[in-house]
Amino acid sequence: MSHDPDVSRRDLLRWTVGLGLLGSASVLAPGCAKQLSCDDVSALSTPDTMRRKSMKYVAVSPKGPEESCRDCKFFTAGAEGQCGTCSLVPGPIHPDGRCNLWAAT
Ligand code: SF4
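Cut-off values and rules
- Residues numbered from 1 in each chain as written.
- Predicted model: local features only at pLDDT ≥ 70, side-chain atom pairs only at ≥ 80, totals over all residues.
- Helix = DSSP H or I, 4+ residues; strand = E, 2+ residues; numbered from the N terminus.
- Buried ≥ 20, exposed ≤ 12 C-beta atoms within 10 Å, placed from the backbone.
- Contact = placed C-beta atoms within 7 Å.
- Near = placed C-beta within 6 Å.
- Nonpolar A, V, L, I, M, F, W, Y, C, P; charged D, E, K, R; others polar.
- Core = buried A, V, L, I, M, F, W, Y, C linked by C-beta atoms within 7 Å.
- pLDDT = per-residue confidence, 0-100.

## Here we look at the overall build of the protein
Counting its regular elements, the protein contains 2 helices and 2 strands. Each helix and strand of the protein, ordered N terminal to C terminal, gives the series α-α-β-β. Taken over 105 residues, the protein has a buried fraction of 18%. Nonlocal contacts in the protein, meaning residues at least 24 apart in sequence, comprise 65% of its contacts between residues at least 6 apart.

## With respect to the site of the ligand
If you check the shell around the ligand, you find 14 residues, and the closest are Cys69, Cys72, Phe75, Cys86 and Cys99. For the shell around the ligand, the residue count by class is 12 nonpolar, 1 polar and 1 charged.

## Structural notes on the nonpolar core
Counting 10 residues, the largest nonpolar core is built from Cys38, Tyr57, Cys69, Cys72, Phe75, Cys83, Cys86, Val89, Ile93 and Cys99. With residues up to four places along the chain from it excluded, the contact list for Tyr57 reads Arg52, Val89, Gly97 and Cys99.

## So, the confidence of the model for the protein
Mean pLDDT over the protein: 81, with 69% of residues reaching 70 or higher. Throughout residues 15–31 the model reports pLDDT below 50, and contacts reaching past four residues in sequence, or to other chains, amount to 2 contacts.

## Side note on the environment of Pro47
Relative to the helices and strands, Pro47 resides in helix α2 (residues 46–54). A tally of 9 C-beta atoms within 10 Å means that Pro47 is categorised as exposed. Separated by 43 residues in the primary sequence, Pro47 and Pro90 have C-alpha atoms spaced 9.8 Å apart.

See the structure below:
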């Protein structure tokens, strides 16, 4: 058996480039970051939890991004990457969510 030093160098180059791309992807692709979840309602009282349910709040608007919480007049955005709040629906509110009370800003 002969040892081919070019194969080793090529493999090392591929490995190094691959690591570089992975590093770039984690910086450049915010979609790879942890998904925002605003579903923890454990701090809500039972009446507030029922109120939230009765308004049919969901974390992803079934009407698309044009009618999501971020564009609703009752929504207050949280800090970057954080849940927002709503003046009508108790609990953490996802910017992409929606409920039956949506109203354009
Ligand atoms: S009223 Fe409904 S759609 Fe508007 S911000 Fe509150 S939860 Fe979202």
